[in-house]
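Structural overview for review
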Amino acid sequence: MRCRSTSIYNPTESPSTIYAHPLPQPSPVSHLLRTPLHHHTAPSTSTESTPQNLHPPSTPISLPHISRTPLHHRTAPSTSIPSPHTQAASTTAVVIPMKSPQTVIHSVAPKYLFPPELIHRGWRKKYPVGAGMKNQTNTCYLNAALQALFHVPAFVSWLLEDQELEKKKNLCLACSVADTLQKSHSLPLVVPARIYNQLPMINKFLKRSRQEDSHEFMRKLLEKMEEEFCRRFKSAMRNSKNSNTTPMNLIFGGYLLQEVTCLNCKGKSTRPLYFSDLVVDLCASVEESVWSYFKPSKVSGYTCNHCKKPQAEAQMRQLLLKAPNVLCIQLKRFNPLGAKIDVSCKTSTTLNMGNGLTYNFLAMVQHHGPRSNCGHYSTIAVAVDGSLYHFDDEQVSAVTQSCLQPPTAQPYYLFYEKTK
């Protein structure tokens, strides 16, 4: 669920269109937020010119059925001379009845696969502090990811309130996650065996009794749950417009606008990108890491669509079109060879994105150890009452905000919730 290109944008809000042109010049992070697109519920009647490559495909027009008499039922005037033997025959015309045309009913795809109004930020009910989770042989990565997700209010509300999960009981992965969540609210210790036993189904590369990357596991888990949710609908009910409206998309998904400016002719090319987390460089603080992600960068070997100059120099930047309800930030904690980048990074309880957009800290998964394939994972999360707790497999303990600061904190990926 990393950033991927998309030609259709399906936000859950409906401010003005984002494809205003000319686009504003680069500015500090406080100007990175752009207004999201409208939902394309009907063909627009506006006369404003819009780039063809950014418009969604037009809705097929259903023409009314026109009843016509089939050719073989029509009687053409005869040009032959009638035979005397046929003159005595009856001249009554034989009418061949026609069948009424059959009406073809086309299934209409819903605008949303899941209603956006059922996604709730903030805790709606009071829940106890979650229980610890038993380590089932190198499963600290799994426990840490689940503890982080179980402290995302929108995710918890969907799991506990979705009636379809109640009907399926034990027949799906989301049912296993919901069952583990409910047990964490009622038992002193949870053994997430159901999820552990489904590792090969979640992803074929996940092996039991082997240390895995916690962020990778978390992403594969959400992707499988998203795929499972889409199977509730027939293929005719899913299309490019509603494909990103599952609960996972509405909670964790957002949109970027990738803008490339040719330094030769100053021509600009843009395309929207869906993203489910931001993979950012490791800086002195999480906020600084996020800001650096939106800074312009140089691109070499670019072929401009305007001046057609090959191997041109260009500048690329990312703009935030639609901010997700829950922002997942992954820090580049490991180099390509898997060695850990042991740099201190300050974690703040409030993340300022500029232009009035702020996020509150929910949970952080941290890594302790020298490499990605060894070491230990644990989670620091905010409980319903606002207190901080450290979840280290079976151990659950209250902590202070000093645990979010270096050198104690070793953040790997974090969850922040958009303020109301």
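Bear in mind that the values here come from a model prediction, so they are computed numbers and not experimental data.

1. Looking at the nonpolar core
Among the nonpolar cores identified, the biggest contains 60 residues, and Phe155, Phe217, Met225 and Phe415 are the most heavily contacted of them. Ranked by the residues each element gives to this core, the list is headed by helix α2 (residues 140-149), at eight residues. Of all hydrophobic cores here, the second largest spans 29 residues; its members include Leu256, Leu327, Ile329 and Leu414.

2. Here we look at the pairing of strand β8 (residues 312-322)
On any regular strand, side chains alternate: one points to one face of the sheet, the next to the other face. Within β8, eight of the eleven residues are buried, which leaves it mostly tucked inside the rest of the structure. Pairing geometry for strand β7 (residues 297-302) and β8, over four bridges, is antiparallel. Note on β8: the bridge partner recorded for Lys298 is Gln315.

3. A look at the packing of aromatic side chains
Overall, the coordinates contain 14 aromatic pairs when judged by the stated rule. Their ring planes at 75° and their centres at 5.6 Å tell us that Tyr255 and Tyr274 sit as a pair that is edge-to-face. Residue Tyr255 is located in strand β4 (residues 254-262), and its partner Tyr274 is located in strand β5 (residues 268-275); the two are separated by 19 residues in the primary sequence. An identical accessibility class is assigned to Tyr255 and Tyr274; each is buried. Where Tyr412 meets Tyr413, the ring centres are 5.6 Å apart and the plane angle is 70°; that geometry is what we call edge-to-face. Clustering of aromatic rings is evident, with ring pairs tying together Phe155, Trp158, Phe252, Phe334, Tyr377, Tyr412, Tyr413 and Phe415.

4. Side note on the pattern of salt bridges
Summed over the entire model, instances satisfying the criterion amount to ten salt bridges. Notably, a salt bridge pairs Arg232 with Asp162, separated by 2.9 Å at the nearest N-O pair. Note that Arg232 is positioned in the loop between α8 (214-230) and α9 (247-252) and Asp162 in the loop between α3 (153-161) and α4 (163-168), a separation of 70 residues in sequence. Relative accessible area serves as the criterion here: at 8%, Asp162 is assigned to the buried category. Residue Glu227 is joined to Lys224 by a salt bridge in which the shortest nitrogen-to-oxygen separation is 3.4 Å. With Glu227 and Lys224 both in helix α8 and three residues apart, the pair spans about one turn of that helix. The exposure class assigned to Lys224 is buried, which follows from its relative accessible area of 18%. Each of the salt bridges in this network shares a partner with another, and the network as a whole consists of Asp179, Lys183 and Arg194.

5. Comments concerning the state of the cysteines
Where two cysteines share a covalent bond between their sulfur atoms, that bond is called a disulfide. Applying the stated criterion across every chain yields a total of one disulfide. Disulfide pairing is shown between Cys172 and Cys175; the S-S distance is 2.3 Å. Handedness of the Cys172-Cys175 disulfide follows from its S-S torsion of about 85°: it is right-handed. The residues Cys172 and Cys175 share a single accessibility class, namely buried.

6. Thoughts on the packing of α3 against α8
Between α3 and α8, the shortest axis-to-axis distance is 15 Å and the interhelical angle comes to 40°. One way to sum up the angle between α3 and α8 is to call them oblique. In this structure, α3 crosses over α8, and the sense of that crossing is left-handed. Together, Phe155, Trp158 and Leu159 of α3 and Leu222, Met225 and Phe229 of α8 make up the contact between the two elements. Split by residue class, the contact of α3 with α8 holds six nonpolar, no polar and no charged.

Cut-offs applied
Residues numbered from 1 in each chain as written. Predicted model: local features only at pLDDT ≥ 70, side-chain atom pairs only at ≥ 80, totals over all residues. Heavy atoms only, no water. Core = buried A, V, L, I, M, F, W, Y, C linked by side-chain atoms within 4.5 Å. Buried < 20%, exposed > 50% of the residue type's maximum accessible area, 1.4 Å probe, protein only. Helix = DSSP H or I, 4+ residues; strand = E, 2+ residues; numbered from the N terminus. Pairing = 2+ DSSP bridges. Phe/Tyr/Trp six-rings, centres within 6.5 Å; stacked < 30°, edge-to-face > 60°. Salt bridge = Lys/Arg side-chain N within 4 Å of Asp/Glu carboxyl O. Disulfide = S-S within 2.5 Å. Axes fitted to C-alpha atoms, helices over the stretch in contact; angles between N-to-C directions. Parallel < 35°, antiparallel > 145°, perpendicular 65-115°, else oblique. Left-handed = near helix turned anticlockwise from the far one by under 90°. Contact = heavy atoms within 4.5 Å. Nonpolar A, V, L, I, M, F, W, Y, C, P; charged D, E, K, R; others polar.

Any link to function would need more than the numbers given here.
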